[in-house]
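# Structure at a glance
Here is what each chain is made of, one letter per residue.
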Amino acid sequence: MSGDELENYESEMELQLYREYRDVVGLFRYVVETERRFYLANAVDVTARAEGGEVFFEVLLEDAWVWDIYRTARFVKRVRVLSFKDVNVEELPPRDDLQLPQDGPPVT
């Protein structure tokens, strides 16, 4: 597989993932971002923990969807994430207020 073919394949996979996100985002209440992943979830609990002089966050998610291009099963019942970096949790607006482009993610 050439570099161009690989790039085209990854671009197509990202577009498919975005389309899936667009279709399911209205099913969830929260967006959760960690340094490694992006999640949609209906229940979120973030707890700061200190152990051995290190501070980290334990994030528990229920009824979640994982943004991961290489993951075949993106819907998960429960997720436990440990993060040594920032965790961002945002409550999504009601589905009627949520406006997403229909043709793909915005180009930056």
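Just above sits the structure.
Scope of this entry: the structure provided in the associated data block. Every residue gets a number counted from 1 within its own chain, in the order that chain's sequence is written. Only residues with pLDDT of 70 or above have their local features reported here, since the model is predicted, and side-chain atom pairs are shown and tallied only from 80 upward, although totals for entire chains, interfaces and linings are computed over all residues. Water and hydrogen atoms were dropped before computing side-chain values, which therefore reflect all heavy atoms in the structure.

Now for the sheet that holds strand β3 (residues 54–67). Pairing between strands requires that DSSP locate at least two bridges from one strand to the other. A run of H or I in DSSP counts as a helix once it spans at least four residues, and a run of E counts as a strand once it spans at least two, with each numbered from the N terminus. If you walk across this open sheet you meet the five strands as β4-β3-β2-β1-β5, and the pairing is antiparallel. Each end of this open sheet is capped by a strand with a single partner; those strands are β4 (75–83) and β5 (88–91). Neighbour-to-neighbour, the strand axes of the sheet open up by a mean angle of 20°, direction not taken into account. Pairing of strand β1 (residues 30–33) with β5, which is carried by four bridges, proceeds in the antiparallel orientation. By the bridge assignment, V32 is partnered in β5 with V89. With respect to the sheet, helix α1 (residues 3–24) is in contact with β2 (38–51), β3 and β4, its orientation differing from that of β3 by roughly 80°. For helices, the fitted axis covers only the stretch in contact; all axes are lines through C-alpha atoms, and the angles between them, taken along N-to-C directions, range from 0 to 180 degrees. By definition in these notes, contact holds between two residues if any of their heavy atoms fall within 4.5 Å.

Looking now at the environment of V76. If you trace the backbone, V76 turns up in strand β4. Residues V76 and D63, spaced 13 residues apart in sequence, show a C-alpha to C-alpha distance of 6.1 Å. Not counting the four nearest positions on each side in its chain, V76 is found in contact with D63, A64, V66 and R71.

A cluster of nonpolar residues, M1, L6 and Y9, forms a patch on the protein surface that exposes about 360 Å² of accessible area. For M1, the position within the fold is in the segment before α1. To count toward a patch, a residue needs a relative accessible area above 30% and no salt bridge. Like charges then connect within 9 Å, nonpolar side chains (Val, Leu, Ile, Met, Phe, Trp, Tyr) within 5 Å. Reported accessibility uses the Shrake-Rupley method at a 1.4 Å probe radius. Residues are deemed covered only where the shown protein chains occlude them. Salt bridges are defined by distance alone: a side-chain nitrogen of Lys or Arg within 4 Å of a carboxyl oxygen of Asp or Glu.

What follows concerns the pattern of salt bridges. Across all of its chains, the model carries six salt bridges by this definition. We note a salt bridge from R37 to D68, for which the minimum N-O separation is 3.2 Å. Of the two residues, R37 is situated in the loop between β1 and β2 and D68 in the loop between β3 and β4; the sequence distance between them amounts to 31 residues. A salt bridge links E58 to R80, with the shortest nitrogen-to-oxygen separation between them at 2.7 Å. Residue E58 is found in strand β3, and its partner R80 is found in strand β4; the two are separated by 22 residues along the sequence. Residue exposure (1.4 Å probe, protein chains only): buried if accessible area is under 20% of the type maximum, exposed if over 50%, otherwise partly exposed. Classification of E58 as buried rests on a relative accessible area of 9%. Connected through shared salt-bridge partners, R49, E58 and R80 make up one network.

Taken together, D4, E5, E7, E10 and E14 make up a surface patch of like negative charges. Among the structural elements, E14 can be located in helix α1. This count recognises Lys and Arg as positive and Asp and Glu as negative, with His and chain-terminal groups excluded. Each charge is placed at NZ for Lys, CZ for Arg, CG for Asp and CD for Glu.

Another aspect to go through is the nonpolar core. When a protein is soluble and globular, its nonpolar side chains tend to lie buried together. What we call a nonpolar core is a set of buried Ala, Val, Leu, Ile, Met, Phe, Trp, Tyr and Cys residues that are connected through their side-chain atoms within 4.5 Å. Core analysis: the biggest nonpolar cluster contains 12 residues, these being L17, Y18, Y21, V24, V25, F28, V31, F38, L40, W65, I69 and L92. Of all the secondary structure elements, the ones that give two or more residues to this core are α1 and β2. Top element by residues in this core is α1. It accounts for four residues. Grouped together as the second largest cluster of nonpolar side chains are 10 residues, Y39, L61, V66 and V81 included.

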